[in-house]
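Commentary on secondary and tertiary structure
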Amino acid sequence: MSALKLMRCSSCPRLRASIGIGSVRHAASKPRHDYDLVVLGGGSAGLACAKEAADCGARVLCFDFVKPSPAGTRWGIGGTCVNVGCIPKKLMHQASLLGEAVHEAVAYGWNVNDQDLRPDWRKLVRSVQNHIKSVNWVTRVDLRDKKVEYVNSLGAFLDPHTIEYATRSGLERRQVTAEHVVVAVGGRPRYPDIPGAVELGITSDDIFSYEREPGRTLVVGAGYVGLECACFLKGLGYEPTVMVRSIVLRGFDRQMSELLAAMMAERGVPFLGTTIPRSVERQADGRLLVRYHNTATGADGSDVFDTVLWAIGRRGLVEDLHLPAAGVRTHGDKIVVDAAEATSVPHIFAVGDIVYGRPELTPVAILAGRLLARRLFAGATQLMDYADVATTVFTPLEYSCVGMSEETAIELRGADNIEVLHGYYKPTEFFIPQKSVRHCYLKAVAEISGDQKILGLHYIGPVAGEVIQGFAAALKSGLTVKTLLSTVGIHPTTAEEFTRLSITKRSGRDPTPASCCS
Ligand code: FAD
Ligand code: NA7
């Protein structure tokens, strides 16, 4: 066992026994419950928690079950990220970037026959699904190796320590008891309450395995999921339109969000602003007639699409858990927890997307689940730190950020105490294909005084996620403008530009570089 693991799990029963410091549980005493831990949900949070707990010697059972989507899509173990979230999304994003790269390659001297330069949707979907199935398989093997018992069924509380579930045949109901229960059931996409929405629309649960080409697609919702789906569809040669109820990317930095929307529009993604859908009907030709309403102008309109994709947010899956039987407090469809992820019932915890008021992101779910297991079974005390979590919107020009938006910083600290450094930048690789300098923008939000502690970093441009990940660690370590500007850049990269930010918003100077070499 590595020194790290020894340190981490030095109070695990299994490890304590193996290094001769005695087991937590008395060898002769019979456990009060069937399991030390039952985990409800085998997604990012649940699996991380279950595996870590088992590593620490706990007897763990994990339930995972996926109800088919209204369009009939179903998938295996691993939860949203692996099956219908981050992973297929990133693969589709990559497919779309490759299309763009082929066009750029011509400028770089490649002889590309650009006749019929369209991807084969079915082949792409097959490749994506094959990868997902291989991940599902590896996950099951991993659970077996780590001695986590897995039951492919919906679990529900019968009482605070008892979980009930149906057997595979559905004919029998069984019960197990657990000392601790972790709820990690995640969420599923919402549907609007309008005629035709459920019967005729699809969601992110369906698009990554959609058998027919999406064609002209109405994407309803301008959050993270809506913009990402619209962008990869555009990059793959389809015609998405984004319907925006109010603003794009609520919760993100406003300037960056609006810049991103403008770039998408410039690349041919139309936006239907201040608009809500009214109904969806199938026409005689099989296409979908969508009626909608502009809440600003009061005008009604309609248009015809091949596909309607709802991306209007997600609901927590509390409904099947019978939480009242356990006394767990909820807030709407989410579970309320304290800083140690404990619910209103001290031995029942919740992690991941099901938790009220926390970022819905896989690395958050994983780390929270892992730290919880260490606190429960390895005597650890470290709490999950939800501050300054970096994230990326995988639009073709990615937008990545960490820390505060400009408006949050101003709201919390006051405009007079904030300095914003910013700049457009033309990455070297933009020159030959003559891509616009407007497609790469960086911004640092900092305190105005002293060494100028950085409160937030924002970047739109190529591989933004890769760029911001490293800066996220620096920001968590107390990065200041002084340190940033005394860091030697890696040339020629776009990340380097963060070390050369020199124009403050306050100065009113144009943040566009004067020349290609600036
Ligand atoms: P889930 O992964 O949803 O897992 C919960 C599991 O529990 C599911 O399998 C569910 O079916 C099962 N379950 C539900 N009820 C029960 C029950 N009663 N009994 C047993 N099992 C049950 N995050 C990122 O960090 N980066 C990204 O790029 C990113 N992209 C995304 C793209 C899309 C389209 C979507 C939808 C999400 C994306 N996310 C991304 C978010 C990320 O997928 C989630 O934050 C993450 O999957 C949450 O993990 P979880 O374990 O809480 O829930
Ligand atoms: P979000 O971020 O909650 O965005 C939902 C979007 O849908 C947002 O633009 C909403 O507009 C819009 N919305 C919500 N309800 C409706 C209705 N009824 N009609 C039209 N438009 C509507 O959800 P996402 O699915 O994009 O992302 C959820 C998480 O998944 C995200 O945090 C990632 O981590 C992964 P609004 O701004 O409310 O007016």
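Residues numbered from 1 in each chain as written. Chains lettered and ligands numbered in written order. Predicted model: local features only at pLDDT ≥ 70, side-chain atom pairs only at ≥ 80, totals over all residues. Heavy atoms only, no water.

**Some words on the site of ligand 2**
Put simply, the rule reads: Only a single heavy atom is needed: when it lies within 4 Å of a molecule or strand, its residue is near that molecule or strand. For this analysis, a polar contact is any N or O atom pair within 3.5 Å, provided that within protein one partner can donate a hydrogen and the other can accept it, and provided that sequence-adjacent residues contribute only side-chain to side-chain pairs. Methods summary: accessible areas were calculated by the Shrake-Rupley approach with a probe of 1.4 Å, and residue burial reflects only the protein chains presented. Residue polarity is assigned by list, with Asp, Glu, Lys and Arg as charged and Ala, Val, Leu, Ile, Met, Phe, Trp, Tyr, Cys and Pro as nonpolar; anything else, Gly included, falls into the polar class.
The full set close to ligand 2 counts 15 residues, and Val225, Arg245, Ser246, Arg250 and Glu360 are the nearest of them. Contact distances for ligand 2 include 3.0 Å between an oxygen atom and a backbone N or O atom of alanine 222. Interatomic distance of 2.8 Å between a side-chain N/O atom of arginine 245 and an oxygen atom of ligand 2. A total of 780 Å² of accessible area belongs to ligand 2 in isolation, and the protein chains cover 76% of it. For the shell around ligand 2, the per-class residue count stands at 7 nonpolar, 4 polar and 4 charged.

**What about the site of ligand 1?**
We count it as follows: Numbering of helices and strands runs from the N terminus, with a helix taken as a DSSP run of H or I at least four residues long and a strand as a DSSP run of E at least two residues long.
The environment of ligand 1 is made up of 37 residues, and the closest members are Asp64, Phe65, Thr80, Lys89 and Asp353. A distance of 2.8 Å is found between an oxygen atom of ligand 1 and a side-chain nitrogen or oxygen belonging to aspartate 353. Threonine 362 places a polar main-chain atom, nitrogen or oxygen, 2.9 Å from an oxygen atom of ligand 1. Compared with its free state, where it exposes 1000 Å², ligand 1 has 95% of that area covered by protein. Every element with two or more residues in the shell around ligand 1 is listed here: α3 (44-55), α4 (79-84), α5 (86-107), α9 (224-235) and α11 (362-377).

**Concerning the environment of serine 96**
Stated precisely, the cut-off is as follows: A simple rule labels every residue: compare its accessible area, found with a 1.4 Å probe on the protein chains alone, to the largest value its type can have, and call it buried under 20%, exposed over 50%, or partly exposed in between. Pairs of residues are marked as contacts when any of their non-hydrogen atoms sit within 4.5 Å.
Mapped onto the secondary structure, serine 96 falls in helix α5. Judged by relative accessible area, serine 96 falls into the buried class, the value being 3%. In this structure the C-alpha to C-alpha distance between serine 96 and threonine 395, which are 299 residues apart in sequence, comes to 9.7 Å. Excluding residues within four positions of it along the chain, serine 96 makes contact with Cys231, Phe232, Gly235 and Leu236.

**Re the domain arrangement of the chain**
Inclusion rule: Domain boundaries shown here were taken from an automatic or database domain assignment. Here the quantity called buried area is the total loss of accessible area, with a 1.4 Å probe, experienced by two parts when brought into contact, counted for both. Criterion for a salt bridge: a side-chain nitrogen of Lys or Arg within 4 Å of a carboxyl oxygen of Asp or Glu.
The domain architecture assigned to the chain consists of domain 1 (79-126), domain 2 (200-312) and domain 3 (397-507). In this structure, domain 1 and domain 2 have C-alpha centres spaced 20 Å apart. On the domain 2 side, the residues contacting the 15 residues of domain 1 number 20 residues. Summing both partners gives a buried area of about 1500 Å² for domain 1 against domain 2, and 59% of it is carried by carbon and sulfur. Where domain 1 packs against domain 2, one counts 3 salt bridges. Across the salt bridge formed by lysine 89 and glutamate 228, the nearest N and O atoms sit 2.6 Å from each other. In this structure, the connection of domain 1 to domain 2 is made through 5 residue pairs in polar contact (both at pLDDT 80 or more). Residue assignment for the side of domain 1 that touches domain 2 shows that the elements contributing at least two residues are α5 and α6 (121-145). In terms of residues, the side of domain 1 that touches domain 2 owes the most to one element, α5, which gives 7 residues. A class-by-class count of the residues in the side of domain 1 that touches domain 2 yields 8 nonpolar, 3 polar and 4 charged.

**Things to note about the nonpolar core**
Counted only if it meets this: Nonpolar core, defined: a set of buried Ala, Val, Leu, Ile, Met, Phe, Trp, Tyr and Cys residues in which side-chain atoms within 4.5 Å join the residues together.
Residues Met92, Trp121, Tyr399, Leu457 and Phe498 are the most contacted members of the largest nonpolar core, which totals 66 residues. For methionine 92, the contacting residues outside a window of four places in its chain are Trp121, Leu124, Val125, Val128, Phe208, Phe232 and Leu236. Of all hydrophobic cores here, the second largest spans 32 residues; its members include Ala53, Leu372, Ala378 and Tyr386.

**With respect to the packing of aromatic side chains**
The condition is simple: A pair of Phe, Tyr and Trp rings is counted when the ring centres sit within 6.5 Å of each other, with Trp represented by its six-membered ring. The angle between the planes then sorts it: under 30 degrees is stacked, over 60 is edge-to-face, the rest tilted. Should the NZ of a Lys or the CZ of an Arg lie within 6 Å of a ring centre and within 35 degrees of the ring normal, that charge is described as sitting over the ring.
Inspection of the entire model under this criterion finds 7 aromatic pairs. Here a set of aromatic residues connected by ring pairs shows up, and it is made of Tyr459, Phe471 and Phe498. The positively charged end of lysine 426 is found above the aromatic ring belonging to phenylalanine 431, 4.9 Å away from the centroid. Seen from the ring of tyrosine 424, arginine 438 lies directly overhead, with NZ or CZ sitting 4.1 Å from the centre.

**A few points about the sheet that holds strand β20 (residues 391-393)**
Where we set the bar: One requirement defines pairing of two strands: DSSP has to find at least two bridges between them.
Ordered in space as β20-β21-β24-β23-β22-β25, the 6 strands form an open sheet in which the pairing is antiparallel. At either end of the open sheet lies a strand with only one pairing partner, and these are β20 and β25 (503-504). For β20 and strand β21 (residues 398-403), the ladder comprises 3 bridges, and the chain directions are antiparallel. Pairing of threonine 392 across the sheet is with serine 400, part of β21.

**A short note on the pairing of strand β14 (residues 300-305)**
Sheet analysis places strand β13 (residues 288-294) next to β14, joined by 6 bridges and oriented antiparallel. By the bridge assignment, valine 290 is partnered in β14 with aspartate 303.

**Examining the layout of surface pockets**
Rules: Put plainly, a pocket is an open set of points on a 1 Å grid over the protein atoms alone with protein on both sides within 12 Å along at least five of seven lines, a cavity is a set where a 1.4 Å probe fits but cannot get out, and a lining residue has an atom within 4 Å of a point. Grid points are joined across faces, edges and corners, and a volume is the space filled by probe spheres set on the points.
Here the second largest pocket is characterised by a volume of approximately 570 Å³. Contributing to the lining of the second largest pocket are 27 residues, with Ser96, Gly99, Glu100, Gly235 and Leu236 lying nearest its centre. Those elements that place two or more of their residues in the lining of the second largest pocket are α5, α6, α9 and α10 (254-266). Tallying contributions element by element places α5 first for the lining of the second largest pocket, with 7 residues. Across the lining of the second largest pocket, the residue classes break down as 14 nonpolar, 7 polar and 6 charged. Counting only domains with at least three residues in the lining of the second largest pocket, you end up with domain 1 (79-126) and domain 2 (200-312).

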